[in-house]
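Here are the chains, one letter per residue:
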Amino acid sequence: MMTPQIILSSILIISGFLVNKYPNLIAGYNTMSISEKEKIDITNLSSFLKRILLGLGIVSLLLYFVLELLSVKEKHILLINAALIFVAVIVASFYANKRFKKQD
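If you're wondering where the values come from, they're calculated on a predicted model, not measured in any experiment. (Residues numbered from 1 in each chain as written. Predicted model: local features only at pLDDT ≥ 70, side-chain atom pairs only at ≥ 80, totals over all residues. Heavy atoms only, no water.)

**Points about a nonpolar patch on the surface**
No. 1: Taken together, Phe86, Val87, Ile90, Val91 and Phe94 make up a surface patch of nonpolar side chains, about 520 Å² in accessible area.
No. 2: By secondary structure assignment, the location of Phe94 is in helix H4 (residues 74–99). (Patch = residues over 30% accessible without salt bridge, like charges linked within 9 Å, V, L, I, M, F, W, Y side chains within 5 Å. Areas by Shrake-Rupley, 256 points an atom, 1.4 Å probe, with all protein chains shown as cover. Salt bridge = Lys/Arg side-chain N within 4 Å of Asp/Glu carboxyl O. Helix = DSSP H or I, 4+ residues; strand = E, 2+ residues; numbered from the N terminus.)

Right under this line is the structure:
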């Protein structure tokens, strides 16, 4: 079970660096018109998403090792990690939706 966890964490970490370098990877941003894109503070948004994805990757990996040391069943570790990622993505989406719009 350790290999899939390492792959998942690596994907999250790599995605964080890619989103920061290539903001068009952000869902919905690449389909916006130029006038809509001008209303978004993309520098801060991509930096925020980088921190979120890096944090999720690192916390997910550390959580796996801690739960493994505590002898938690692997299916429970999977559910806990999935819930962590799901909740973090939902909370980050709401936060980003409110925070990174430029004021006119």
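Still more to cover.
**Looking at the packing of helix H1 (residues 2–21) against helix H3 (residues 42–69)**
No. 1: Across the interface, H1 lies against H3 with an axial gap of 7 Å and an inter-helix angle of 165°. In terms of their interaxial angle, H1 and H3 are classed as roughly antiparallel. With respect to the hand of their crossing, H1 and H3 are arranged in left-handed fashion.
No. 2: Split by residue class, the contact of H1 with H3 holds 15 nonpolar, 9 polar and 1 charged. (Axes fitted to C-alpha atoms, helices over the stretch in contact; angles between N-to-C directions. Parallel < 35°, antiparallel > 145°, perpendicular 65-115°, else oblique. Left-handed = near helix turned anticlockwise from the far one by under 90°. Nonpolar A, V, L, I, M, F, W, Y, C, P; charged D, E, K, R; others polar.)

**Brief notes about the packing of aromatic side chains**
No. 1: Counting across every chain of the model gives 4 aromatic pairs.
No. 2: Where Phe48 meets Tyr95, the ring centres are 5.2 Å apart and the plane angle is 40°; that geometry is what we call tilted. Here Phe48 is found in helix H3, whereas its partner Tyr95 is found in helix H4, with 47 residues between them in sequence.
No. 3: You can call Phe48 buried: its relative accessible area is 9%.
No. 4: Given the relative accessible area of 39%, Tyr95 is considered partly exposed.
No. 5: Ring geometry for Tyr64 against Phe65: centres 5.4 Å apart, planes inclined by 70°, an arrangement best described as edge-to-face.
No. 6: When its relative accessible area of 4% is taken as the criterion, Tyr64 is described as buried.
No. 7: Here the aromatic cluster, defined as three or more aromatic residues joined through ring pairs, consists of Phe48, Tyr95 and Phe100. (Phe/Tyr/Trp six-rings, centres within 6.5 Å; stacked < 30°, edge-to-face > 60°. Buried < 20%, exposed > 50% of the residue type's maximum accessible area, 1.4 Å probe, protein only.)

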